[in-house]
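Below, each chain spelled out in residue letters.
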Amino acid sequence: MSSTYQLLFFPQTVYSTVLSIEVVLCAFLLLVVFGFWFAPGGLAWALSKSQARMAIPGPSGFPLFGMVFVFTGSATHRVLAKLSQSFNAVKLMAFSVGFTRFIISSHPDTAKEILNSSAFSDRPVKESAYELLFHRAMGFAPFGDYWRNLRRISATHLFSPRRIASFGTFRSEIGLKIVEEIRATMLLKGEVEMKKVLHYGSLNNVMMSVFGRSYDFKKTGDGFELEELVSEGYELLGIFNWSDHFPVLGWLDLQGVRKRSRVLVSKVNVFVGKIIEEHKRKRVNGVLGDESGGDFVDVLLDLEKEKRLDHADMIAVLWEMIFRGTDTVAILLEWILARMVLHPEIQSKAQSEIDSVVGTTRTISDSDLQNLPYLQAIVKESLRMHPPGPLLSWARLAVHDVHIGNYFVPAGTTAMVNMWAITHDEASWSEPNEFKPERFMEEDVSIMGSDLRLAPFGSGRRVCPGKAMGLVTVQLWLAQLLQNFNWVPSYAGVDLSECLKLSLEMKNPLICGAVPRNA
Ligand code: HEM
């Protein structure tokens, strides 16, 4: 810039005392950058090619950080629900977390558009999931032949109605073990903390259907080691990892997520590798003698050559099932029991139904469940009020540019559905904050993904493949627990505060009394 120009714009006195041309340039740059930050949806959106189109409403958040603090808290689903109301963005809201672009739907129509669109058939892979090799497992594998093969194999050999039914006896036995454990704890302590009891039961249930064996979770031994591996995995997958959204931090691994994941992977390789070897040893010339077809490990070993998974992929696939299938079931049951304690009239109505259909002493089996509509309504209402994945667990990723309604969404955008916001919206539900299973006796709402007012298992091609297995387990164990006990509050009462980790947990685990009904 010539000195004449400088003098024209900045009189000599001001120029020399306050401003230099560098300061002006910096101020200009800051203005431009702040302009980006204050754009609807924040920095990541401002930097995208959607700029020229109709902007999706949403908060700009903090400079550079965007809405990062929404994810570091424990009530992300509630904060996002409030934000989408206040930005008049229930159908679709945009926001940024560092350099990651997000959209979130809190409305059944746009939720359907997202979940059922082939444009959102991938998931963003967090660093922890990648390091734990989950990109080779079904939940994070990119949409394509490998993922399709895994879906097909598990739909036929793990989640088919025939296969689910074949594990019915074992499921019922675990339910009875849970009952016995509760009985023993009540005798000893006069109250019972449900979280661990349900978690161990659920872990064994998954271990049996996938690995063909169950465990004792004592202070030492395989069961103890398994529990340690699983807890570490849950923690790593649940951590908000700054490097996922700020690539420059990636190589620093400030939170130690990468290091811990690698240690865990090597332990898991040994643990699961041992189980696979045991399965191989049982075979004669590589062939399984068992007519039942064995467990899921056997199924994977029996795949035809071209579809066969290599050793590392097999471990990833098997290991993922434990993470997906264990806590969702245990946590949902804990919420349901909390509700039973809080609503004794609903509890006794469900018990009367069980007494009249099954009686007070006969062991309940899967086949009884279809005759227990009120019990099923309780499970539905609990999924509505306390969905284990309020943001549908793991998000979706736009694989190419796409439109949602009139809004343009560029490839690479992370898409979420706030199922919690939808199931608590007065536009879809009367008295949404009241626990009323009766609503499902009056109206039959499918929860399997076709009605987006209540889709706790997601929808579309990446809908939860374990939904039928998860549901039958929750219903059966709930029926057994209600048949055997009256559920009453302990001295501490019931606290319904939530804490969103990998799933939506009770912040203060349920401690209650279980009074035997047939003493
Ligand atoms: C109450 C129980 C359960 C709930 C609430 C639940 C919920 C979910 C949700 C919301 C998704 C994401 C769906 C989407 O993106 O549209 C999902 C995916 C998945 N779930 Fe479940 N789930 C449950 C039980 C299970 C069980 C028992 C298993 C297996 C043993 C399982 C295995 C999976 C897998 C593998 C995926 C990834 C599917 C893919 O990306 O192709 N889930 N689940």
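Just so it is clear, the structure is predicted and the values come from calculations on it, not from any experiment. (Residues numbered from 1 in each chain as written. Predicted model: local features only at pLDDT ≥ 70, side-chain atom pairs only at ≥ 80, totals over all residues.)

Novice: Kindly report on the overall build of the protein chain, identifying the contributing residues and their values.
Specialist: In terms of helices and strands, the protein chain carries 21 helices and 11 strands. Radius of gyration (C-alpha) of the protein chain: 26 Å, near the 24 Å computed for a compact globule of 519 residues. Counting only C-alpha atoms and orienting by the principal axes, one finds that the protein chain spans roughly 100 × 60 × 45 Å. When burial is assessed residue by residue, the protein chain has 41% of its 519 residues classed as buried. (Helix = DSSP H or I, 4+ residues; strand = E, 2+ residues; numbered from the N terminus. Rg over C-alpha atoms; globule rule 2.2 N^0.38 Å. Buried ≥ 20, exposed ≤ 12 C-beta atoms within 10 Å, placed from the backbone.)

Novice: An account of the site of the ligand is requested, with residue identities and associated values reported.
Specialist: In the vicinity of the ligand, 28 residues are found, and the nearest of them are G325, G458, C464, G466 and G470. Elements that contribute at least two residues to the shell around the ligand include exactly α16 (311-342) and α21 (467-484). With six residues, the top contributor of residues to the shell around the ligand is α16. Of the residues that constitute the shell around the ligand, the class distribution is 15 nonpolar, 10 polar and three charged. (Near = placed C-beta within 6 Å. Nonpolar A, V, L, I, M, F, W, Y, C, P; charged D, E, K, R; others polar.)

Novice: Describe helix α6 (residues 76-86), naming the residues involved and giving the relevant values.
Specialist: For α6, every residue scored as buried is listed here: T76, H77, L80, A81, L83 and S84. Seen from one end, α6 has its buried residues packed into an arc of 165 degrees, which puts them on one side. Structural note: α6 exposes K82 and S86 on the side pointing more than 90 degrees away from its buried face. The inward-facing, buried residues of α6 abut α5 (68-72), β1 (93-97), β2 (100-105), α19 (419-423) and β9 (498-500). Immediately downstream of α6, the backbone of N88 shows phi near 50 degrees, a positive value. (Arc of directions from axis to C-beta. Contact = placed C-beta atoms within 7 Å.)

Novice: Outline the UniProt feature "transmembrane region" (unreviewed entry) in the protein chain, listing residues and values.
Specialist: Listed under "transmembrane region" (unreviewed entry) in the UniProt record, and renumbered for this structure, are residues 14-39 and 60-80. The straight-line gap between the two end C-alpha atoms of residues 60-80 is 13 Å; of that span, 48% is helix and 0% is strand. (UniProt positions renumbered as here; feature names shortened; annotations may be inferred.)

Novice: An account of the packing of helix α14 (residues 257-281) against α16 is needed here, citing residue identities and associated values.
Specialist: At their nearest, the axes of α14 and α16 sit 10 Å apart, and the two run at 95 degrees to each other. Overall, the two elements α14 and α16 adopt an arrangement that is roughly perpendicular. Taking contact as the criterion, the partners of V268, N269, V272, G273 and I276 in α14 are, on α16, M314, I315, L318 and W319. Looking at side-chain class alone, the contact of α14 with α16 contains seven nonpolar, two polar and no charged residues. (Axes fitted to C-alpha atoms, helices over the stretch in contact; angles between N-to-C directions. Parallel < 35°, antiparallel > 145°, perpendicular 65-115°, else oblique.)

Novice: Explain the sheet that holds strand β4 (residues 396-397) to me, and be specific about the residues and the numbers.
Specialist: Pairing in this open sheet of four strands is mixed, and the strands run β1-β2-β7-β4 from one edge to the other. The open sheet has two edge strands, β1 and β4, and neither has a second partner. Two strands pair when backbone bridges link them, and β4 and strand β7 (residues 414-417) are joined in this way by two bridges, in the antiparallel orientation. Bridge pairing in β7 links R396 to A415. Against the sheet, helix α7 (residues 108-116) contacts β2, β4 and β7, and its axis sits at roughly 130 degrees relative to β7. (Pairing = 2+ DSSP bridges.)

Novice: Describe the sheet that holds strand β11 (residues 511-516), and please don't skip the residues or the numbers.
Specialist: With antiparallel pairing, the three strands of this open sheet are ordered in space as β3-β11-β8. Looking at which strands have only one partner, the edges of the open sheet turn out to be β3 (192-193) and β8 (485-489).

Novice: Give me the lowdown on α7, citing residues and values where you can.
Specialist: For the α-helix, the turn length of 3.6 residues means that residues three or four positions removed from each other point alike. Those residues of α7 lying buried are P108, T110, A111, E113, I114 and L115. Of the surrounding elements, those touching the buried residues of α7 are β2, β4, β5 (402-404), β7 and α19.

Novice: I'd like a description of the pairing of β2, backed by residues and values.
Specialist: Most of β2 is tucked away: six of the six residues are buried. The side-chain alternation of β2 yields two buried faces, one formed by T100, F102 and I104 and the other by R101, I103 and S105. Bridging between β1 and β2 involves five bridges; their strand directions are antiparallel. Its bridge partner lying in β2, S96 is registered against R101. As consecutive antiparallel partners, β1 and β2 are separated by two residues, and within that stretch G98 has a phi angle of approximately 55 degrees, a positive value. Bridge count for β2 against β7 is four bridges, and the pairing is parallel.

Novice: I'd like a description of the domain arrangement of the protein chain, backed by residues and values.
Specialist: Here the protein chain is described as being made up of domain 1 (3-37) and domain 2 (107-516). Distance from the C-alpha centre of domain 1 to the C-alpha centre of domain 2: 58 Å. (Domains from an automatic or database assignment.)

Novice: Describe the UniProt feature "binding site: heme" (unreviewed entry) in the protein chain, naming the residues involved and giving the relevant values.
Specialist: Feature annotation in UniProt places "binding site: heme" (unreviewed entry) on C464, given in this structure's numbering. Take C464: it is sitting in the loop between α20 (439-442) and α21. Its 24 C-beta neighbours within 10 Å are what place C464 among the buried residues. Among all residues touching C464, those that are not within four sequence positions of it are F457 and G458.

Novice: Help me get a handle on the packing of helix α18 (residues 373-385) against α21, residues and values and all.
Specialist: Put simply, α18 and α21 touch, their axes get as near as 10 Å, and they point 120 degrees apart. Remark: the crossing between α18 and α21 carries right-handed chirality. Together, L375, Q376 and V379 of α18 and V474, Q475, L478 and A479 of α21 make up the contact between the two elements. Looking at side-chain class alone, the contact of α18 with α21 contains five nonpolar, two polar and no charged residues. (Left-handed = near helix turned anticlockwise from the far one by under 90°.)

Novice: Explain unusual backbone geometry to me, using residue names and the numbers behind them.
Specialist: The backbone of D253 shows a phi angle near 50 degrees, a positive value even though the residue is not glycine. Relative to the helices and strands, D253 resides in the loop between α13 (222-238) and α14. Look at D253 and you get partly exposed, because 16 C-beta atoms sit within 10 Å. In this model, E431 sits at a positive phi of 40 degrees, which is unusual for a non-glycine residue. With respect to the helices, strands and loops of the structure, E431 is situated in the loop between α19 and α20. For E431, a count of 9 C-beta atoms within 10 Å puts it in the exposed group.

Novice: An account of the nonpolar core is requested, with residue identities and associated values reported.
Specialist: One finds M93, I103, L333, I336, L337 and L478 to be the most contacted residues of the largest nonpolar core, which totals 86 residues. The leading source of residues in this core is α16, at 11 residues. Excluding anything up to four places from it in sequence, L333 contacts L198, V474, W477 and L478. Judged by nonpolar contacts, the second largest core, of 37 residues, contains F134, L203, L236 and I322. (Core = buried A, V, L, I, M, F, W, Y, C linked by C-beta atoms within 7 Å.)

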